[in-house]
Amino acid sequence: MAYKSAAAEPATKPRTSGRPPRRRGTWTPWLYLAPALVVLAALLVYPIYQLGLISFLEYTQAQVSGGEPTTFQGLGNYRALFADSQFWQVLLATLLFAAACVVSTLAVGCALAVLLTRVRALPRLALMLAALGAWATPAITGSTVWVFLFDPDYGPVNRLLGLGDFSWTYGRFSAFALVLFEVVWCSFPFVMVTVYAGIKAIPGEVLEAASLDGASQWRIWRSVTAPMLRPILVVVTIQSVIWDFKVFTQIYVMTNGGGIAGQNLVLNVYAYQKAFASSQYSLGSAIGVVMLVILLAVTLVYLRLLRRQGEEI
């Protein structure tokens, strides 16, 4: 009878349950994020809940003062809002104005970010300080200064351009253009600094190789730099959409509350007029909910398109 040694026998594999091994420390990152999440919940979730709740109620000055009871309206406020032709005009104006602001801000910010990589240290520092100064200026202060610069009587811009007493805030399109200039002026530093940091992170050998192959600066940006900066461009684009879609201070200050006969109204100013000027707080809340839904939809669609293209965010 042959005897087989234990060394010759195959080692017995340990039994496995078929489930992946449990990762240790799965909840550790969430524990670190818990304080910030609690603060965000207090600052965002509860106000959004109150905004949505008021949009379903009849909530005017009579209910605020206690003269009449608060009643549930369901979708009545939204039906009244969507039946208002002015709402659709303001919504279209807001979409077009926000799109123009986003495109202009990205164009100016990206162009100056590329310029920062081409100039020497001293001009780069001066441009950085000037941009950060514009970024740090409060919106109401910057808007007031821009109104003075383009004032038809005392502003220096009309004198330099030879426009005489031309009023920028009188016409609808000239007023929107003036506000667009101010929005771009106070918004491009964020894009410039963020994109500049992304460009500096790109290996120099890649850009040098493209230059040696005879590619122009525009071709290098379009075919090399921009694709590598796509995750960063996604962030600054979404951030710009959120900022520019809910512009309030610049429009309110520079057009004196929305322009002549409301020709320069945007949704944020329109909601303010409904809620506080007309004391229709429920309608103002409904406009706020519509704005929130639009911003969420735009952001989700944009991220979904990028996911389909295989980009990692």
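Here, the structure is the one placed above.
Structure report, in brief. Please read all numbers here as calculations on a predicted model, not as lab measurements.

1. Digging into the packing of helix α6 (residues 139-149) against helix α8 (residues 172-201)
Two elements in contact, α6 and α8, have axes whose closest approach is 10 Å; the angle formed by their N-to-C orientations is 135°. As the angle between them shows, α6 and α8 are arranged oblique. Note on packing geometry: the crossing formed by α6 with α8 is right-handed. Facing α6, whose interface residues are Ala-139, Gly-142, Ser-143 and Trp-146, α8 presents Leu-178, Phe-181, Glu-182 and Trp-185.

2. Examining unusual backbone geometry
Residue Asn-256 is not a glycine yet carries a positive backbone phi of 60°. Secondary-structure assignment places Asn-256 in the loop between α12 (249-254) and α13 (267-277). Here the phi dihedral of Ser-279 falls at roughly 60°; this positive angle occurs in a residue that is not glycine. Among the secondary structure elements, Ser-279 is positioned in the loop between α13 and α14 (281-308).

3. Observations regarding the packing of helix α4 (residues 85-116) against helix α11 (residues 230-245)
The contact between α4 and α11 brings their axes to 9 Å, and the two run at 140°. Classified by the angle their axes make, α4 and α11 are oblique. Once α4 is placed against α11, the crossing between them reads as right-handed. Contacts between α4 and α11 pair Thr-94, Leu-95, Ala-98, Cys-101, Val-102, Thr-105, Leu-106 and Cys-110 from the former with Leu-233, Val-236, Thr-237, Ser-240, Val-241, Asp-244 and Phe-245 from the latter. The residue makeup of the contact of α4 with α11, split by class, is 10 nonpolar, 4 polar and 1 charged.

So, how was this worked out
Residues numbered from 1 in each chain as written. Predicted model: local features only at pLDDT ≥ 70, side-chain atom pairs only at ≥ 80, totals over all residues. Heavy atoms only, no water. Axes fitted to C-alpha atoms, helices over the stretch in contact; angles between N-to-C directions. Helix = DSSP H or I, 4+ residues; strand = E, 2+ residues; numbered from the N terminus. Parallel < 35°, antiparallel > 145°, perpendicular 65-115°, else oblique. Left-handed = near helix turned anticlockwise from the far one by under 90°. Contact = heavy atoms within 4.5 Å. Nonpolar A, V, L, I, M, F, W, Y, C, P; charged D, E, K, R; others polar.

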